[in-house]
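# A closer look at the structure
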Amino acid sequence: MGEMEQMKKEAEALKTQIEAARKAAHDTDMASAASGVAPAPRVQLKTRRTLKGHLAKIYAMHWCTDNRLMVSASQDGKLLIWDSHTGNKVNAVPLKSSWVMTCAYAPSGNLVASGGLDNMCTVYNLKTPVIKTVKELDAHTGYLSCARFLSDTEILTSSGDTTCALWDLETGKQKTVFLNHVGDCMCLSLSPDMNSFVSGACDSLAKLWDIRDGQCKQTFQGHTSDINAISFYPSANAIITGSDDCTCKMYDIRADQEVICYQDAALNSGVTSLDLSASGRLIFAGYDDFNCNIWDSLKGEKVGELKEKKKSLSWREC
Amino acid sequence: MDELDETQLKNHVDSLKQQLQYNRDKTSVSLPELTKWIEEKMNEDPFLNPDILKDNPWVESSKCVII
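Residues numbered from 1 in each chain as written. Chains lettered and ligands numbered in written order. Predicted model: local features only at pLDDT ≥ 70, side-chain atom pairs only at ≥ 80, totals over all residues. Heavy atoms only, no water.

### So, unusual backbone geometry
All names here are of chain A. Notably, Met194 is not glycine yet its phi reads approximately 60°, a positive angle. Note on placement: Met194 falls in the loop between strand S13 (185-190) and strand S14 (196-201). The exposure class assigned to Met194 is partly exposed, which follows from its relative accessible area of 28%. The backbone of Cys246 shows a phi angle near 75°, a positive value even though the residue is not glycine. In this fold, Cys246 is placed in the loop between strand S18 (238-243) and strand S19 (248-252). (Helix = DSSP H or I, 4+ residues; strand = E, 2+ residues; numbered from the N terminus. Buried < 20%, exposed > 50% of the residue type's maximum accessible area, 1.4 Å probe, protein only.)

Written out as structure tokens, the structure reads:
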């Protein structure tokens, strides 16, 4: 048997063993564990602000850690920084490439980043008298789907070239490349302690990575199509994913498996974005049919929705 | 897996061996703890604790808004 054939067989055998180990760990389900919990109340959302200013499709947004400022990216070729309390635009950053797919706000509030079909991640300093481009991070061979700052000196990116990368913002070089996905990486989420992150990709898998040693520690399967959105639970022990298969799923990190699926027979649009409420009890998921559904994460039931004319992208409550 | 070359396939197999070693907790331990964590945090969640929502920074504080 050829070497390749042998390794493929070995890979299949290992996957079978991993599934068996998961089954062995599955001695109760979420329905039982949450049986004593009262259902979450129905959630009615009120629009508080409509931020108008972009001239084309908005692809991404990200809150600053002050829960007041936010950055949005549009294919009109601009990043806009908004004060969500007043509704005013604070800054406008013109982009070299208008094919932007992601944006990020640094935890310090000093920097923002953007990237997209230019395969690059560009970092801007908001605090200089005139907004300056600090670095152009150029090494990915595919589109930039997501970026997240760890600090003013490090940023994580995910790319259509199937890799994720950790960059040093002082040198502009990749410190670590995370290799394991076999499909375009679409999204990433940092753990609260910033020692690990999870990525979702077009291979229908979510992976948990150790940022420092670059290794894939766990792989979460179950989705049957691209994973477009992913978020760490605030407790850091679970992740939520949203996929083109029209479902969201919760994966328990400690038990290394899917524990609940958020789906409805009436839903036949892919999930494009998601976020969690402060406790993690509520999941806000945006869909391709321009709707947003709110799920009770413990009971698996819909507790609200937001029917909007425009496509919901990404949002987070304070 | 068909798209991978020999080196990539070897790395893939090594990664799977590592992932198999992960020390899995039983769901009877992890799920109740997760549930408990969420329940405790619900008090601080503005969507679930109406008292916190009284301090909502996005609600207009006066009837008139200067435009």
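### Remarks on the environment of Leu126 of chain A
All names here are of chain A. Within the secondary structure, Leu126 is located in the loop between strand S7 (120-125) and strand S8 (132-138). By relative accessible area, Leu126 is classed as buried at 11%. Sequence-distant contacts of Leu126, defined by excluding residues within four places in its chain, comprise Ile81, Asn91, Val93, Tyr105, Gly109, Asn110, Val112 and Ile131. (Contact = heavy atoms within 4.5 Å.)

### Regarding the side chain of Ser196 of chain A
Mapped onto the fold, Ser196 of chain A is located in strand S14. Ser196 of chain A has contacts with Leu190, Ser191, Leu208, Trp209, Asp210, Ile211 and Phe232 of chain A, leaving out every residue within four places of it along the chain.

### Side note on the state of the cysteines
Disulfides are covalent bonds that link the sulfur atoms of two cysteine residues. Residues and elements named next belong to chain A. If you walk through the whole model with that rule in mind, you get zero disulfides over all chains. We note that Cys146 lacks a disulfide partner, and the nearest cysteine sulfur, in Cys187, lies 7.0 Å from it. Classification of Cys146 as buried rests on a relative accessible area of 8%. (Disulfide = S-S within 2.5 Å.)

### Side note on the pattern of salt bridges
For side chains of opposite charge, pairing can occur when their charged atoms come near one another. Counting across every chain of the model gives 18 salt bridges over all chains. The closest approach of N and O atoms between Lys96 of chain A and Glu136 of chain A, which form a salt bridge, is 2.7 Å. Note that Lys96 of chain A is positioned in the loop between strand S4 (88-94) and strand S5 (100-105) and Glu136 of chain A in strand S8, a separation of 40 residues in sequence. If you follow the salt bridges from partner to partner, you end up with Glu19, Arg22 and Asp256 of chain A together with Arg24 of chain B in one network. (Salt bridge = Lys/Arg side-chain N within 4 Å of Asp/Glu carboxyl O.)

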